[in-house]
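# Structure assessment
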Amino acid sequence: MMRERLEALKAEAEQAIQGAKDLETLKQLRVKYLGKKGELTAVLRGMGELSAEERPVIGKLANDIRQTLERILDEKETALEKAAMEARLKEETIDVTLPGVPRPLGSIHPLTAVIQQVENIFIGMGFEVAEGPEVEKDWYNFEALNMPKDHPARDMQDSFYITREILLRTQTSPVQVRTLQAKEGKVPVRMICPGKVYRRDDDDATHSHQFTQIEGLVVDRGVSMSELKGTLLAFAKQMFGEDHEFRFRPSYFPFTEPSMEMDMSCMICGGEGCRICKETGWIEILGAGMVHPNVLEKSGYNAERYTGFAFGMGVERIAMIKYGIDDIRHFYTNDLRVLRQFQSV
Ligand code: 2U9
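Reading the values: rules and limits
Chains are numbered independently. Their residues run from 1 in the order of the written sequence. Where local features are concerned, this predicted model is filtered to residues with pLDDT of at least 70; where side-chain atom pairs are given and counted, the filter is 80 or more; whole-chain, interface and lining totals use all residues. Note that the side-chain values use all heavy atoms of the structure and ignore hydrogens as well as water. Here, nonpolar core refers to any group of buried Ala, Val, Leu, Ile, Met, Phe, Trp, Tyr and Cys residues whose side-chain atoms link them within 4.5 Å. Burial status follows relative accessibility: with a 1.4 Å probe on protein chains alone, a residue under 20% of its type maximum counts as buried, one over 50% as exposed, and anything between as partly exposed. Per the convention used, a helix needs a DSSP run of H or I reaching at least four residues, while a strand needs a run of E reaching at least two, with both numbered from the N terminus. Residue contacts are defined here by distance: any two heavy atoms, one from each residue, within 4.5 Å place the two residues in contact. Being paired, for any two strands, means DSSP has found at least two bridges between them. Lines fitted to C-alpha atoms define the axes, with helix axes restricted to the stretch in contact, and inter-axis angles between N-to-C directions lie between 0 and 180 degrees. Oblique is the label for any angle not covered by the other classes, which are roughly parallel (under 35 degrees), roughly antiparallel (over 145) and roughly perpendicular (65 to 115). Any residue outside Ala, Val, Leu, Ile, Met, Phe, Trp, Tyr, Cys, Pro, Asp, Glu, Lys and Arg is labelled polar, Gly included; the first ten of those are nonpolar and the last four are charged. Only heavy atoms are used to decide nearness, and a residue is near a molecule or strand if one of them lies within 4 Å of it. In these tables, accessible area is a Shrake-Rupley quantity obtained with a 1.4 Å probe, and a residue counts as shielded only by the protein chains included in the view. For salt bridges, the criterion is a side-chain nitrogen of Lys or Arg within 4 Å of an Asp or Glu carboxyl oxygen. Here the aromatic set is Phe, Tyr and Trp, taking the six-membered ring for Trp, and pairing holds for ring centres within 6.5 Å; pairs whose planes are under 30 degrees apart are stacked, those over 60 apart are edge-to-face, and all others are tilted. Definition used: whenever NZ (Lys) or CZ (Arg) falls within 6 Å of the ring centre and also within 35 degrees of the ring normal, the charge is taken to sit over that ring. Segment limits for the domains were obtained from an automatic or database-derived domain assignment. UniProt positions are given in the numbering used here, feature names are shortened, and annotations may be inferred rather than shown by experiment.

Next up on the list: the nonpolar core. Ranked by size, the top nonpolar core spans 43 residues in total, and within it F235, I285, F311 and M313 carry the most contacts. Elements that contribute at least two residues to this core include exactly α5 (110–123), β5 (210–220), α9 (225–240), β7 (256–265), β8 (282–291), β9 (307–314) and α11 (315–323). In this structure, F311 is in contact with F122, F127, I192, I214, E215, G216, L232, G287 and A288, ignoring residues within four places of it in sequence. Ranked by size, the runner-up nonpolar core spans 23 residues in total, among them A130, V189, Y306 and A310.

See the structure below:
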């Protein structure tokens, strides 16, 4: 009687276990047949009614059945876990041969590229790079640069005034003045200043009311005109290439004395004379000179002991010459057809 019940339970359990579709069902079956309140335990509770001869026989049978059921439950569990893992791997398979999604790449703006090139050349010659405010005091922009209120040079560069004493800087020179003041008469000074400047010009192909300048300044004992010329020649050859001619000719700036401008042989006609160089064979690339003693003194440097040179260039002008751009407005209109041509610069 008891034996039949056990055999029937075993058969039923085996069938249920083999038919289990997932791990959760299997867990429930383990509880149902082998748990403390399970069916095998329930059958064994009736053992008390058995005779002394039957009890060990049925006891052994019950134990065998428990072991068998435990074994097939474990086997089924392993098989179901394996199947679950295989299904997950299949579902999560990534096709590494699929092409990627192309992202559009931007490029460095030609003015930024030229600023970086100029910076790198001067850094290579021991210069530091400094920046400063675009809204300036009249004193830093004009007065400290040997241009008092009645100076005619102030008419040369009509300015954007904010108040009577504050204006948009017309050059980056005030940054150098601020640096000299901060160094309190100490040398050496070897610096360049890139940045935006503002002048009340009417915009056309070669003028812009806002443009970019890079100025340089060296102050030390015994700084000479030949050092200025050597420095600028080394810069220009790295910037434009060895196969150009360069010349210096006298000029005038209130903040330098003597002053000069540097020309490069025309890269269009090679010096023959053409429309671009206005038939002269030469293209102006920058201005320079020995720092005026008044300028050194105003910023706290003893002009008896120290000398200096300074230079200034328009970044747009340099970029136009270097890349053959014929209209300054191309730098500001953000036409992608223009900008894309500088992807490798
Ligand atoms: C200090 C002393 C002297 C800066 C200089 C130039 C010559 C120059 C022009 C180039 C084209 C301006 O952008 S442009 O129109 N600049 O020719 N600038 S020397 O001289 C300084 C600066 C600071 C303390």
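This part is about α11. Those residues of α11 that fall on the buried side of the exposure criterion are V315, E316, I318, A319, M320 and I321. Lining the buried residues of α11 we find α5, β5, α9, β7, β8 and β9. Just downstream of α11 lies G324, where phi reads positive at about 65 degrees.

On to the pairing of β8, then. In terms of burial, β8 is a largely internal element, eight of the ten residues being buried. Sheet topology places β7 next to β8; eight bridges connect them, and they run antiparallel. Bridge pairing links E261 to G287 in β8. Taken together, the four bridges between β8 and β9 define a ladder with antiparallel strand orientation. What sits directly across from G289, in β9, is A310.

Here we take up the packing of helix α2 (residues 23–34) against helix α4 (residues 54–91). Closest axis-to-axis distance for the α2/α4 pair is 10 Å, and the angle between their directions is 170 degrees. Judged by the inter-axis angle, α2 sits roughly antiparallel to α4. Each of L23, L26, R30, Y33 and L34 in α2 lies in contact with α4, whose residues at this interface are R66, L69, E70, L73, D74, K76, E77, L80 and E81. The class makeup of the residues in the contact of α2 with α4 is seven nonpolar, no polar and seven charged.

Surrounding the ligand, one finds 18 residues, the nearest of these being Q213, F253, G287, A310 and G312. A total of 570 Å² of accessible area belongs to the ligand in isolation, and the protein chains cover 90% of it. Mapped by element, the contributors of at least two residues to the shell around the ligand are α8 (173–183), β5, β8 and β9. Looking at the shell around the ligand, the element that brings in the most residues is β9, giving five residues. Grouping the amino acids of the shell around the ligand by side-chain chemistry returns nine nonpolar, seven polar and two charged.

Looking now at the pattern of salt bridges. Here the idea is simple: oppositely charged side chains can pair when their charged atoms come close. Taken as a whole, this structure holds 18 salt bridges when the rule is applied. R30 serves as the salt-bridge partner of E77, at 3.9 Å between the closest nitrogen and oxygen. In this pair, E77 sits in helix α4 while R30 sits in helix α2, placing the two residues 47 residues apart along the sequence. Judged by relative accessible area, which is 26%, R30 ranks as partly exposed. Within this structure, R247, R249, E261, D263 and E284 form a network of salt bridges that share partners.

This brings us to the packing of aromatic side chains. Counted by the stated rule, this structure contains nine aromatic pairs. Centre to centre, the rings of W139 and Y140 are 5.1 Å apart; their planes meet at 85 degrees, and the pair counts as edge-to-face. Classification of Y140 as buried rests on a relative accessible area of 13%. Both rings, one in Y301 and one in Y306, keep their centres 6.1 Å apart while their planes meet at 65 degrees; by these two values the pair is edge-to-face. Side by side, Y301 and Y306 carry an identical accessibility label, which is buried. One aromatic cluster is present, formed by F122, F127, F235 and F311 through successive ring pairs. Residue placement shows R178 over the ring face of Y140; its charged tip is 4.1 Å from the ring centre.

Time to look at the domain arrangement of the protein chain. A common way to report how large an interface is uses the accessible area buried once the components associate. You can read the domains of the protein chain as domain 1 (2–91) and domain 2 (110–342). Computed over C-alpha atoms only, the centres of domain 1 and domain 2 are separated by 93 Å.

All right, on to the environment of L44 then. Structurally, L44 can be placed in helix α3 (residues 39–45). Using a relative accessible area of 28% as the deciding quantity, one classes L44 as partly exposed. For the pair L44 and I58, spaced 14 residues apart in the sequence, the C-alpha separation amounts to 8.9 Å. Ignoring sequence-local partners within four residues, the contact set of L44 consists of M2 and A62.

Moving on to the sheet that holds strand β4 (residues 189–198). The seven strands lie next to each other as β1-β4-β5-β9-β8-β7-β6, forming an open sheet whose pairing is mixed. In the strand order of this sheet, the two ends are held by β1 (128–129) and β6 (246–253), each with one partner. In the packing of α8 onto the sheet, contacts are made with β4 and β5, and the angle to β4 comes to roughly 145 degrees.

Once that is clear, we can look at the UniProt feature "binding site: Mg(2+)" (unreviewed entry) in the protein chain. Mapped onto the present numbering, the UniProt feature "binding site: Mg(2+)" (unreviewed entry) falls on E257. Within the secondary structure, E257 is located in strand β7. Taking relative accessible area as the criterion, E257 reaches 47% and is therefore assigned partly exposed. Beyond its immediate sequence surroundings of up to four residues, E257 is in contact with M290 and H292.

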